[in-house]
Amino acid sequence: MSLFGKIFGTGGGKGGKGPTPQEAIQKLRETEEMLAKKQEFLEKKIDHELLTAKKNGTKNKRAALQALKRKKRYEKQLAQIDGTLSTIEFQREALENANTNTEVLKNMGFAAKAMKAAHENMDIDKVDDLMADITEQQELAQEISDVISRPVGFGEDYDEDELMAELEELEQEELDKNLLEIEGTEDVSLPSVPSTSLPSQPAKKKVEEDEDDMADLEAWAAN
């Protein structure tokens, strides 16, 4: 059994099924959590031994030295755990990336199979034939639409020359009618002169005669 097999509790013999990437990642995370707890424990022990060494000092030199030795041993273990955590973290990240790549490739392969199945009964010649059929049907549909929308008399057939002659006759009638209306305006009578006479002013001669009579009367009276 390999080292990783011993750690993860998996068999490595013939016919043995290896762990899945998800299982291995989960085991590595559990190991990281265990080592993190061990780190926390060692850090507390280091702080305790350092406090013990300071407390005894030179008063109890032997106890102080023993505390410092234990502190050094715990620090060495802590450094080893730090290195182990770094290695496990690197391995877990590499495994996660490998698992991601595997899933991506698996999905791409699945999509490739689906595309192959979709194109299984098709080739470029069949596609060309299909597009030609579509074009032909579109042209036929357009011709049918043109025929349906073309204005027809549904059995009534008219001579276009006769229709044009009738149209010209109608236009000539309308033109003659307009000319008659214009000529009729020449016979319209003008308004008559009012018959009521205006009041006449006294003739200038009459006024002069009255003035002469008045002068003669004044002259006779004076005599």
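Residues numbered from 1 in each chain as written. Predicted model: local features only at pLDDT ≥ 70, side-chain atom pairs only at ≥ 80, totals over all residues. Heavy atoms only, no water.

Chemist: Residue-level account of the overall build of the chain, with values.
Modeler: In terms of regular secondary structure, the chain is built from six helices and zero strands. Traced from its N-terminal end to its C-terminal end, the chain shows the element sequence α-α-α-α-α-α. The buried share of the chain, reckoned over its 223 residues, is 12%. Pairs at least 24 apart in sequence give 72% of the contacts found in the chain among residues at least 6 apart. (Helix = DSSP H or I, 4+ residues; strand = E, 2+ residues; numbered from the N terminus. Buried < 20%, exposed > 50% of the residue type's maximum accessible area, 1.4 Å probe, protein only. Contact = heavy atoms within 4.5 Å.)

Chemist: Please provide a residue-by-residue account of a negative patch on the surface, values included.
Modeler: On the surface, Asp123, Asp125, Asp128, Asp129, Asp133, Glu136, Glu139, Glu143 and Asp146 cluster together into a patch of negative charge. One can find aspartate 123 in the loop between helix 3 (61–118) and helix 4 (124–149). Given the relative accessible area of 37%, aspartate 123 is considered partly exposed. (Patch = residues over 30% accessible without salt bridge, like charges linked within 9 Å, V, L, I, M, F, W, Y side chains within 5 Å. Areas by Shrake-Rupley, 256 points an atom, 1.4 Å probe, with all protein chains shown as cover. Salt bridge = Lys/Arg side-chain N within 4 Å of Asp/Glu carboxyl O. Lys, Arg positive; Asp, Glu negative; His and termini not counted. Charge placed at Lys NZ, Arg CZ, Asp CG, Glu CD.)

Chemist: Before we move on, can you summarise the pattern of salt bridges with the specific residues and values?
Modeler: Under the defined criterion, the tally for this structure stands at seven salt bridges. Notably, a salt bridge pairs glutamate 96 with arginine 29, separated by 2.8 Å at the nearest N-O pair. Separated by 67 residues along the polypeptide, glutamate 96 in helix 3 and arginine 29 in helix 2 (residues 21–56) bring together distant segments of the chain. Among the salt bridges present, the one from arginine 70 reaches glutamate 49, with a minimum N-O distance of 2.9 Å. On the criterion of sequence distance, the pair formed by arginine 70 in helix 3 and glutamate 49 in helix 2 is long-range, its members being 21 residues apart. It is possible to trace a salt-bridge network through shared partners that takes in Arg29, Glu32, Arg92 and Glu96.

Chemist: Could you give an account of the packing of aromatic side chains, naming the residues involved and the relevant values?
Modeler: With the rule as written, the count across this model stands at zero aromatic pairs. Against the face of tyrosine 74 rests arginine 73, its NZ or CZ located 5.7 Å from the ring centre. (Phe/Tyr/Trp six-rings, centres within 6.5 Å; stacked < 30°, edge-to-face > 60°. Lys NZ or Arg CZ within 6 Å of the ring centre and 35° of its normal.)

Chemist: Quick one: what's the story with a nonpolar patch on the surface, residue by residue and with numbers?
Modeler: Together, Val104, Leu105 and Met108 give the surface a local cluster of nonpolar side chains, amounting to about 310 Å² of exposed area. Structurally, methionine 108 can be placed in helix 3. Exposure remark for methionine 108: the relative accessible area of 52% places this residue in the exposed category.

Chemist: Run through the packing of helix 2 against helix 3, naming residues and quoting values.
Modeler: Interhelical geometry of helix 2 versus helix 3 gives an angle of 160 degrees and a closest axis separation of 8 Å. In this view, helix 2 runs roughly antiparallel relative to helix 3, as classed from their interaxial angle. Along this stretch, helix 2 crosses helix 3, giving a crossing that reads as left-handed. (Axes fitted to C-alpha atoms, helices over the stretch in contact; angles between N-to-C directions. Parallel < 35°, antiparallel > 145°, perpendicular 65-115°, else oblique. Left-handed = near helix turned anticlockwise from the far one by under 90°.)

Chemist: An account of the nonpolar core is needed here, citing residue identities and associated values.
Modeler: Among the nonpolar cores identified, the biggest contains nine residues, and these are Leu28, Leu35, Leu42, Ile46, Tyr74, Leu78, Ile81, Leu85 and Ile88. Going through the elements one at a time, helix 2 and helix 3 are the ones with two or more residues in this core. Considering every element that reaches this core, the biggest residue donor is helix 3, with five residues. (Core = buried A, V, L, I, M, F, W, Y, C linked by side-chain atoms within 4.5 Å.)

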